[in-house]
Amino acid sequence: MTHYDVIIIGTGAGGGTLAYHLAPSDKRILLLERGDYVRREKDNWSSRAVNVDAKYHTKEVWQDKDGKPLHPHTNYYVGGNTKFYGAALFRLRKEDFGEIQHHGGLSPACPIGYDELEPYYTKAEYLYQVHGERGVDPTDPWASAPYRFPAVQHEPRIQQLHDNLSANGLRPFHVPLGIMLDESDPQKSRCIRCETCDGFPCLIHAKSDAQVICVDPALAHPNVTLLTNAKVTRLLTSPSGRDITGVAVQRNGAEEVFAGEIVVSSCGAINSAALLLRSANDRHPNGLANGSGVVGRHYMGHVNSVLLAISKSPNATVFQKTLGVNDFYFGDDEFHYPMGHISFVGKLDAIALSAGAPAIVPGMTLDIMAKHSLDFWLTSEDLPNPNNRVTLDRDGNIVLAYAPNNDEGHKRLIKKLEHLLQHLDMRPHLVPRNLFVGNRIPLAGVAHQNGTVRFGRDPRTSALDANCKAHDVDNLYVVDGSFFPSSGAVNPALTIMANALRVGDRILERLGAHTAVPVEAAQ
């Protein structure tokens, strides 16, 4: 059995970032990835391949709570789901770390405060080359340093919308984006600011995903090994159940077992929970590290909608995802509860719209609709419910049970945006794509998955301690979206990355290793 100092299962926002942080320590690190590298091909930038054929989605089938097949919109590749994300890298708001009363219930506090994670947010922003501007977003938390790169500028139609919203008393801002763009020197810029970014793998490696930014540089260190097409099936423990003694892997049609002083699960909130449940044994009959009974429970994925607004004016924007509005994040004078966040998806084309066959606006083809649409993305917080959970069927396959909650604030947010648009030259039109049921992302849309292996200070109500080490297993950490006790209303990716750096420091201390290289070294 080959032995490593650290075994990391998964190479996405959590596992990839952690591997980069630990790599300079000279400790032996094994990365296990169930998928392979995304093949570089023309289909990377094909709207039909990505949006209609779902070429890069896993072919794995889960079940919903009623036993019906569920085809998850998720991706198993080196870099995880960051290969396909829109690279909007937000900090949680400072208030999100404390208790917040919502219309639908209470959002619980984290066991750490914003101030503890803040230095790691800054490091993660530097590492992932985030472009942004401090102090414009009215909900922006304090930061110890400016963004390393300037905000991505709006194209004319989005700038017009920015000006119109400002004239209506709102405070729109530039979305913080992890892309390798140099607008001062377009000829030398790695990013070409194309329309195939959000939801697409970047053919020219100009998006700040975990593979490009973290995994590939980590592999330049001789002490780091990556095994692809290596699916971890279960974790083996000592007779006492207090330590993981083996990581069982299916690879090339055979089982291999690896040993590590420390084992880190970074499979994503759904698969990390499933792995712990599959690893049940006599000492852990309800699943590994599940003495509290919370593993798999409290699944969250946000309440998300797309609002397609048809404008009289054409929208020639290529890279649309630059503007955000958070004026209603914590509510307003009419509704004293949080509503959420407004921004954009990548520019939709007729092919993407055809996947959902939306009702056509009279007198418009899908192509005309796409050329005149502004494609808004709205996110509100869903609340942790123990009955929203990951379980396994008798064959060990994933069952995802989820009932939406706390949707009054989201409905209000949609109405707020529609009201604003009615004062401009647009008609709001809710558009279902293949990713949506009505105007909502369905259960299969798991891009924002979090909350299934929550951290906390009480072993009776949490699976992990404040440093994301399992209460019940001495050498197990979980470093992905699982640790969230509440989800806020912004993309969780940057928080996962920042927390990976924070936990990485605790692991380095435990191993007696040297600290990692400064993140400024990543280029």
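Please refer to the structure placed before this passage.
From a predicted model like this one, the values you see are computed outputs, not experimental measurements. (Residues numbered from 1 in each chain as written. Predicted model: local features only at pLDDT ≥ 70, side-chain atom pairs only at ≥ 80, totals over all residues. Heavy atoms only, no water.)

A. Spatial organisation of the environment of Gln-211. Secondary-structure assignment places Gln-211 in helix 5 (residues 210-218). In the structure, Gln-211 is positioned 128 residues away from Lys-83 in sequence and 7.5 Å away in space, judged by C-alpha atoms. Within the structure, the side chain of Gln-211 is placed 2.7 Å from the side chain of Lys-83, a separation counted as a polar contact. In terms of polar contacts, Gln-211 uses its side chain to reach the side chain of Asp-216, at 2.8 Å. (Helix = DSSP H or I, 4+ residues; strand = E, 2+ residues; numbered from the N terminus. Polar contact = N/O pair within 3.5 Å; in protein donor to acceptor, adjacent residues only side chain to side chain.)

B. The pattern of salt bridges, seen in detail. Under the defined criterion, the tally for this structure stands at 29 salt bridges. Between Glu-125 and Arg-91 there is a salt bridge whose closest N-O contact spans 2.8 Å. Here Glu-125 is found in helix 3 (residues 114-127), whereas its partner Arg-91 is found in the loop between strand 4 (69-70) and strand 5 (100-102), with 34 residues between them in sequence. Note that Arg-93 and Asp-140 form a salt bridge whose closest N and O atoms lie 4.0 Å from each other. Of this pair, Arg-93 sits in the loop between strand 4 and strand 5 while Asp-140 sits in the loop between strand 7 (130-131) and helix 4 (156-167), and the two are 47 residues apart along the sequence. A single network of salt bridges, built from pairs that share partners, joins Arg-39, Glu-41, Asp-43 and Lys-55. (Salt bridge = Lys/Arg side-chain N within 4 Å of Asp/Glu carboxyl O.)

C. Quick look at helix 4. Taking 1.5 Å as the rise per residue, helix 4 with 12 residues should run 16 Å; its terminal C-alpha atoms sit 16 Å apart, in good agreement. Positioned one or two residues after helix 4, Gly-169 has a phi angle of 90 degrees, which is positive. (Expected span 1.5 Å × (residues − 1).)

D. Summary view of the pairing of strand 11 (residues 231-237). Of the pairings in the sheet, the one linking strand 11 to strand 12 (residues 244-251) comprises 6 bridges and is antiparallel in character. Residue Lys-231 lies in a different strand from strand 12, and its bridge partner there is Gln-250. (Pairing = 2+ DSSP bridges.)

E. The arrangement of the packing of helix 1 (residues 15-22) against helix 5 in detail. Running from N to C, helix 1 and helix 5 cross one another at 45 degrees; their axes reach a closest spacing of 8 Å. It follows that helix 1 is oblique to helix 5 by the angle criterion. Like other packed secondary-structure pairs, helix 1 and helix 5 cross with a definite hand, here left-handed. Between helix 1, through Gly-16, Thr-17, Ala-19 and Tyr-20, and helix 5, the contact on the second element is made entirely by Ile-213, Cys-214, Val-215, Pro-217 and Ala-218. Grouping the constituent residues of the contact of helix 1 with helix 5 by class yields 7 nonpolar, 2 polar and no charged. (Axes fitted to C-alpha atoms, helices over the stretch in contact; angles between N-to-C directions. Parallel < 35°, antiparallel > 145°, perpendicular 65-115°, else oblique. Left-handed = near helix turned anticlockwise from the far one by under 90°. Contact = heavy atoms within 4.5 Å. Nonpolar A, V, L, I, M, F, W, Y, C, P; charged D, E, K, R; others polar.)

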